[in-house]
Structures are given as structure tokens and as C-alpha cells.
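Coordinates in review
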Amino acid sequence: MGSRDPRVDAYIEKSATFAKPILRHLRLVVHTACPDVEEAVKWGAPHFLYNGMMCHMAAFKEHCAFGFWKGELVLDTREGKAAEAMGQFGRIEDESDLPSDRTLIGLVKKAMKLNEAGVKRPRTRKTASDSRPEILVPTYLATALRRNPKARATFDGFTPGKRREYVEWLTEARTEATRERRLATAIEWMSEGKSRNWKYMKR
């Protein structure tokens, strides 16, 4: 028998008005497909567990996100969508941005089978920028991320290359005032699920 976490109820209630029906719908679909699913809140966002991590959802100022822990094995990511936001479905601004319930239920069941079989999460494919050593996160950035769970969840979900983009942008600031302005902007963008170069991505 599955379980519902009251923290997920609280998360939904605190979300923007547009996001509430999207989150409720995603939650219902996951429970319908997997009656034994268990809920949890990790990195400040709702996660669904079934024999391990299975999928997660999140709400930002202008969009929601939904994704599978083993995304590459569950579905072929649509070109350009994964880069727009966390998860594999890009920016979800309305329920119509989601696949049909039948499709989503099928994907959840596929994710269930992967977990039942003990299939490991594939390693993130490395790009040229990812092949370099991981940059150490400055203390001031780490502190700011701890204070903003949504931004931290986004940062933790980034590839090493995307984390590097933010870190280098901050550390290259020539004055403390510039750094503070960039830090505030970085936290705001990440709390909305945005990468450093989100402005240049096709919508």
C-alpha cells in the first residue's frame, strides 16, 4: 500500500495558482499507475519512490517540471525539451503541455519495472566542458543555495557543465558588489529552474 506525505500537500498549497492543478494531476497519475508508491520531499521538492527513487515534480514561478530518476531509460527525451527545465518534459505551464494520462501511466509503469529489476541510473553523458574537474562551489554560493531549497534542487540536478557556468560567472566578478548582484540573480534564476544561459535556449 502506498503512502501520501503531508509535506507534499503543503508544497502544492504553497505553489502558484497555475501550478496547483498541474501538480495535483501529476500526483494522481503517479498514484494511479503505481498504487504502492511512497511520497517524500527531497531537495525541497516532491519525489515519488518505488523500490528506490522513481520520479519527481517541482513548481517554479512560471512553470512546473516533472521527470524520471532514470529518465534516459524511461523515454527518449524530446529534442530541446530537457534543456528548458528540470526533468524530461520541459516547461510545463498548463496541463495541456503534458502527454496524455495513458502515456504518462505507461511511462510510470516502465519506471516501476526498471526499479523492480534493479537497473542502475545511467551516468550523465559528459560533454567537453563536463570532462574537466568539478569546480569547487564557493562558500557564499553554497550558503545561498541552502537558504533556497528550490534553487538548490535545480543546482543539484544540473550537469557538471551547467554548474560550472554559474560558478565561473560568480567567481569572475571583479568586485564584491558585482558578485552579490550576480549571486542574487543566480539564485532567482535557479529557483525558477533556469540554467545560466536560459535566455539563449529555444522555447
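Before reading further, recall that the structure is shown in the block above.
Residues numbered from 1 in each chain as written. Predicted model: local features only at pLDDT ≥ 70, side-chain atom pairs only at ≥ 80, totals over all residues. Heavy atoms only, no water.

1. Points about the pairing of strand 1 (residues 38-42)
When strand 1 meets strand 2 (residues 45-49), the two strands line up antiparallel, connected through five bridges. Note on strand 2: the bridge partner recorded for Val41 is Pro46. Where strand 1 folds back onto strand 2 in an antiparallel hairpin, the turn is made up of two residues, including Trp43, whose phi is positive at roughly 55°. (Pairing = 2+ DSSP bridges. Helix = DSSP H or I, 4+ residues; strand = E, 2+ residues; numbered from the N terminus.)

2. Structural notes on the pattern of salt bridges
For the structure shown, the criterion picks out ten salt bridges. Between Glu13 and Arg24 there is a salt bridge; the shortest N-O distance is 2.8 Å. In this pair, Glu13 sits in helix 1 (residues 6-14) while Arg24 sits in helix 2 (residues 19-33), placing the two residues eleven residues apart along the sequence. Taking relative accessible area as the criterion, Glu13 reaches 46% and is therefore assigned partly exposed. The exposure class of Arg24 is partly exposed, given its relative accessible area of 42%. Salt bridges linked by common partners bring Asp9, Arg27 and Glu39 together as one network. (Salt bridge = Lys/Arg side-chain N within 4 Å of Asp/Glu carboxyl O. Buried < 20%, exposed > 50% of the residue type's maximum accessible area, 1.4 Å probe, protein only.)

3. Some thoughts on the sheet that holds strand 1
Within a sheet, each strand pairs with its neighbour through backbone hydrogen bonds, oriented either parallel or antiparallel. A sheet is described by the order of its strands in space; here four strands give the open sequence 1-2-3-4, paired in antiparallel fashion. The open sheet is flanked by strand 1 and strand 4 (64-68), the only strands paired with a single partner. This sheet shows a mean twist of 20° between the axes of neighbouring strands, independent of strand direction. Across the sheet, helix 2 is in contact with strand 1, strand 2, strand 3 (53-59) and strand 4; its angle to strand 3 comes to roughly 170°. (Axes fitted to C-alpha atoms, helices over the stretch in contact; angles between N-to-C directions. Contact = heavy atoms within 4.5 Å.)

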